[in-house]
Amino acid sequence: MKVLINEEQLRQGIAQLAERIRTQYRDRPLTIVGVMIGSLVLLADLIRLIDLPMRVDLVQARSYREGTRPGPLVINLDLLSSDIRGRDVLLVDDIFDTGNTLWELVPQLDELGPASIRTAVLLRKEGRCEVRMQPDFVAFDIPDGFVVGYGLDYGDLYRNLPYVAVLEPHELSGEPGS
Ligand code: IMP
Ligand code: MG
């Protein structure tokens, strides 16, 4: 694999992301909702950089991928433990790829009556979007390619890497063209 964003670059990009989020909300109380499992590492780093009155909550979204290709999406709001009615909600995910995950999640959370919903992602892949939305906050735009690390997995591995790396064709087992 090849390192795409190293630890220092991540640190800087996430600090800038946190600053943009803080400026957006100023002193309004915020509910940050992380999309499990991919946003786990970003969430932990990001919340510690945002000095606002804050609740932290979780939802789960899983696309049953075949290798790297997107599959059916399953959303589970059972982890959401606080009442988001009337709250400003920031939904945090690891990556905006086709966009389908956030496109489906936003209206489901909207039904719970928050004052606002915005979205923040660590990564956005170029040229992959299939929906009529873009995230409100993006730390890094990256070329199309399958990335792992800093929360992102391939077959449930590599989430613990402290950097973001691109898998090379021979590391993608059983993929067409690999
Ligand atoms: P989307 O719904 O296509 O935007 O994809 C979002 C979800 O797919 C992310 O939350 C990730 O869990 C997963 N995903 C998309 N691209 C990658 C990748 O390059 N590496 C690892 N996971 C990915
Ligand atoms: Mg995910």
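Residues numbered from 1 in each chain as written. Chains lettered and ligands numbered in written order. Predicted model: local features only at pLDDT ≥ 70, side-chain atom pairs only at ≥ 80, totals over all residues. Heavy atoms only, no water.

Trainee: It is not clear to me how the overall build of the chain should be interpreted in this structure. Could you clarify?
Mentor: A tally of regular secondary structure across the chain gives 3 helices and 9 strands. Counting helices and strands in the order they occur from the N terminus, the chain gives β-α-β-α-β-β-β-α-β-β-β-β. Expected size for 178 residues packed as a compact globule is a radius of gyration near 16 Å; at 16 Å, the chain falls within 12% of this value. In terms of overall dimensions, the chain has C-alpha extents of about 50 × 35 × 25 Å along its principal axes. Classification of the 178 residues of the chain by burial places 43% in the buried group. (Helix = DSSP H or I, 4+ residues; strand = E, 2+ residues; numbered from the N terminus. Rg over C-alpha atoms; globule rule 2.2 N^0.38 Å. Buried < 20%, exposed > 50% of the residue type's maximum accessible area, 1.4 Å probe, protein only.)

Trainee: Can you help me understand the pairing of strand 2 (residues 30-36) in this one?
Mentor: Consecutive side chains along a regular strand alternate between the two faces of the sheet. Burial of strand 2 is extensive: 7 of the 7 residues sit out of reach of the surface. Neither face of strand 2 is exposed, since Leu30, Ile32, Gly34 and Met36 on one face and Thr31, Val33 and Val35 on the opposite face are all buried. Of the strand pairs in this sheet, strand 2 and strand 3 (residues 54-63) are connected by 7 bridges, and their pairing is parallel. For glycine 34, the partnering residue across the bridge sits in strand 3 and is leucine 58. Handedness of the crossover is the feature at issue here: the chain leaves strand 2, passes through helix 2 (residues 40-47), returns alongside strand 3, and the resulting connection is right-handed. Both strand 2 and strand 5 (residues 88-96) contribute to a ladder of 5 bridges, which runs parallel. Counted as the bridge partner of valine 33 is leucine 91 from strand 5. (Pairing = 2+ DSSP bridges. Right-handed = clockwise from strand over helix to strand, strands pointing away.)

Trainee: How should the site of ligand 1 be read in this particular structure?
Mentor: Around ligand 1 sit 16 residues, and of these Asp94, Thr98, Gly99, Thr101 and Val147 come closest. Between aspartate 93 and ligand 1, the recorded distance is 3.1 Å, taken from a side-chain N or O atom to an oxygen atom. Threonine 101 places a polar side-chain atom, nitrogen or oxygen, 2.5 Å from an oxygen atom of ligand 1. Here ligand 1 loses 91% of its free accessible area of 490 Å² to cover by the protein chains. Breaking the shell around ligand 1 down by element, the ones donating at least two residues are strand 5 and helix 3 (100-110). With 4 residues, strand 5 is the single largest residue contributor to the shell around ligand 1. Split into classes, the residues belonging to the shell around ligand 1 amount to 5 nonpolar, 5 polar and 6 charged. (Near = heavy atom within 4 Å. Polar contact = N/O pair within 3.5 Å; in protein donor to acceptor, adjacent residues only side chain to side chain. Areas by Shrake-Rupley, 256 points an atom, 1.4 Å probe, with all protein chains shown as cover. Nonpolar A, V, L, I, M, F, W, Y, C, P; charged D, E, K, R; others polar.)

Trainee: Mind showing me how you'd approach the sheet that holds strand 8 (residues 147-148) here?
Mentor: Each strand in a sheet pairs with its neighbour through backbone hydrogen bonds, running either in the same direction (parallel) or in the opposite one (antiparallel). The 3 strands lie next to each other as 1-9-8, forming an open sheet whose pairing is antiparallel. Each edge of the open sheet carries a strand with a single partner, namely strand 1 (2-5) and strand 8.

Trainee: What am I meant to see in the environment of valine 35 here?
Mentor: Secondary-structure assignment places valine 35 in strand 2. Classification of valine 35 by relative accessible area gives buried; the value is 2%. Expressed as a C-alpha distance, the spacing of valine 35 and valine 147, which sit 112 residues apart in the sequence, is 17 Å. Contact partners of valine 35, with chain neighbours within four places excluded, come to Val59, Ala61, Leu91, Val92, Asp93 and Leu105. (Contact = heavy atoms within 4.5 Å.)

Trainee: Help me understand helix 3 in this model?
Mentor: Helical geometry: 3.6 residues make up each α-helical turn, so side chains three or four residues apart lie on a common side. Residues of helix 3 that are buried: Leu102, Leu105 and Leu109. All buried residues of helix 3 lie within an arc of 70° about the axis, which places them on one face of the element. (Arc of directions from axis to C-beta.)

Trainee: Looking at this model, I keep getting lost on the nonpolar core. Mind explaining?
Mentor: Generally speaking, a soluble globular protein has its nonpolar side chains buried in company with each other. If you look at the biggest cluster of nonpolar residues, it comprises 28 residues, and the most contacted ones within it are Ile21, Leu46, Leu90, Leu122 and Leu123. Mapped by element, the contributors of at least two residues to this core are helix 1 (7-25), strand 2, helix 2, strand 5, strand 6 (116-125) and strand 7 (137-142). If we skip the residues at most four places from it in the chain, leucine 46 touches Ile14, Leu17, Ala18, Ile21 and Val92. Counting 18 residues, the second-largest nonpolar core is a separate cluster that includes Val59, Ile84, Val121 and Val131. (Core = buried A, V, L, I, M, F, W, Y, C linked by side-chain atoms within 4.5 Å.)

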